[in-house]
Amino acid sequence: PPRRRDAPPRRSLSHDHGHANVGPPDATVTFHVKRTGEVVEASAYRGENLLRLAQRHDVPLEGACEGVTACSTCHVILEDAFFERLEDDGDEAGEAEEDMLDQAFGLEPTSRLACQLVVDDRFDGIHITLPEATRNFYVDGHVPQPH
């Protein structure tokens, strides 16, 4: 069974400038880590991106560029139906994201960068897969700390 990591209301790490996420979470997102087989259910708040959500729940998603679409280390794989729903809603990857995805390890047709996916009501109950590895052209071994 998935390990549930309910985070108490605290400062979000989604560059919210100190505003706290309070109240009940808006969604539950399940992360599947291919490399370890770990499954993590994460309580999410509307407006936070998937990179910061994963980091807040200790999911090993790197984000070397700290979410500015300058690397592919937060590459995730979406379920087919959810990917199609995003595209149908006009939430397609932009040119900068596509450029970075071209460098991603284990690219799939439903790949996206977690830093570019912002939680809203559609995200409740989705499953996200982290590929077996990432390519970090920034600095090998550098793992930025959220601020």
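Residues numbered from 1 in each chain as written. Predicted model: local features only at pLDDT ≥ 70, side-chain atom pairs only at ≥ 80, totals over all residues. Heavy atoms only, no water.

(A) A look at the overall build of the protein. Counting its regular elements, the protein contains three helices and six strands. Residues classed as buried in the protein amount to 45% of the 147 residues present. Long-range pairs, those at least 24 residues apart, make up 68% of the contacts in the protein between residues at least 6 apart in sequence. Working note: accessible area of the protein is about 7,600 Å², and carbon and sulfur atoms make up 48% of it. (Helix = DSSP H or I, 4+ residues; strand = E, 2+ residues; numbered from the N terminus. Buried < 20%, exposed > 50% of the residue type's maximum accessible area, 1.4 Å probe, protein only. Contact = heavy atoms within 4.5 Å. Areas by Shrake-Rupley, 256 points an atom, 1.4 Å probe, with all protein chains shown as cover.)

(B) Quick peek at the pairing of strand β3 (residues 39–44). Strand direction decides the pairing type here: strand β2 (residues 27–33) and β3, joined by six bridges, are antiparallel. The partner of Thr30 across the bridge, within β3, is Glu41. A loop of five residues connects β2 with β3, the two strands running antiparallel in sequence, and Gly37 in this loop sits at a positive phi of about 80°. (Pairing = 2+ DSSP bridges.)

(C) Layout of the packing of aromatic side chains. Applying the stated rule across the entire model yields one aromatic pair. Between Phe82 and Phe123 the ring centres are 4.9 Å apart and the planes differ by 75°, which places this aromatic pair in the edge-to-face class. Highlighted residues: Phe82 in helix α2 (residues 80–88) and Phe123 in the loop between β5 (111–113) and β6 (127–130), separated in sequence by 41 residues. Each member of the pair Phe82 and Phe123 is classed as buried. (Phe/Tyr/Trp six-rings, centres within 6.5 Å; stacked < 30°, edge-to-face > 60°.)

(D) Fine view of the pattern of salt bridges. Counted according to the given criterion, the structure contains eight salt bridges. Its salt-bridge partner being Asp89, residue Arg122 comes within 2.8 Å of it at the nearest N-O pair. Within this pair, whereas Arg122 is found in the loop between β5 and β6, its partner Asp89 is found in the loop between α2 and α3 (95–101), the two being separated by 33 residues in sequence. A residue is classified by how much of its surface remains accessible, and Arg122, at 15% relative accessible area, is buried. A relative accessible area of 43% places Asp89 in the partly exposed class. Members of the salt-bridge network, linked through shared partners, are Arg85, Asp89, Asp91, Asp120 and Arg122. (Salt bridge = Lys/Arg side-chain N within 4 Å of Asp/Glu carboxyl O.)

(E) Just a negative patch on the surface, in detail. A contiguous patch of negative charge, built from Glu79, Asp80, Glu84, Glu87, Asp88, Glu92, Glu95, Glu98, Asp99 and Asp102, is present on the exposed surface. Those elements giving two or more residues to the negative patch turn out to be α2 and α3. Residue position: Glu87 is located in helix α2. (Patch = residues over 30% accessible without salt bridge, like charges linked within 9 Å, V, L, I, M, F, W, Y side chains within 5 Å. Lys, Arg positive; Asp, Glu negative; His and termini not counted. Charge placed at Lys NZ, Arg CZ, Asp CG, Glu CD.)

(F) Quick peek at the confidence of the model for the protein. This prediction gives the protein a mean pLDDT of 84; 78% of its residues lie at or above 70. Low confidence marks residues 7–18, where pLDDT is under 50. Its contacts with residues over four positions away, or in another chain, come to 26 contacts. (pLDDT = per-residue confidence, 0-100.)

(G) Region of the structure containing α2. Looking only at α2, the buried set comprises Phe82, Phe83 and Leu86. Along α2, the residues classed as buried sweep out an arc of 100° about the axis, all on the same side. Turned more than 90 degrees away from the buried face of α2, the exposed residues are Asp80, Ala81 and Asp88. Elements in contact with the buried residues of α2: β4 (75–78) and β5. (Arc of directions from axis to C-beta.)

(H) Just the environment of Val59, in detail. Mapping Val59 onto the fold places it in the loop between α1 (50–56) and β4. Judged by relative accessible area, Val59 falls into the buried class, the value being 4%. Between the C-alpha atom of Val59 and that of Leu130, which follows or precedes it by 71 residues, the distance is 9.3 Å.

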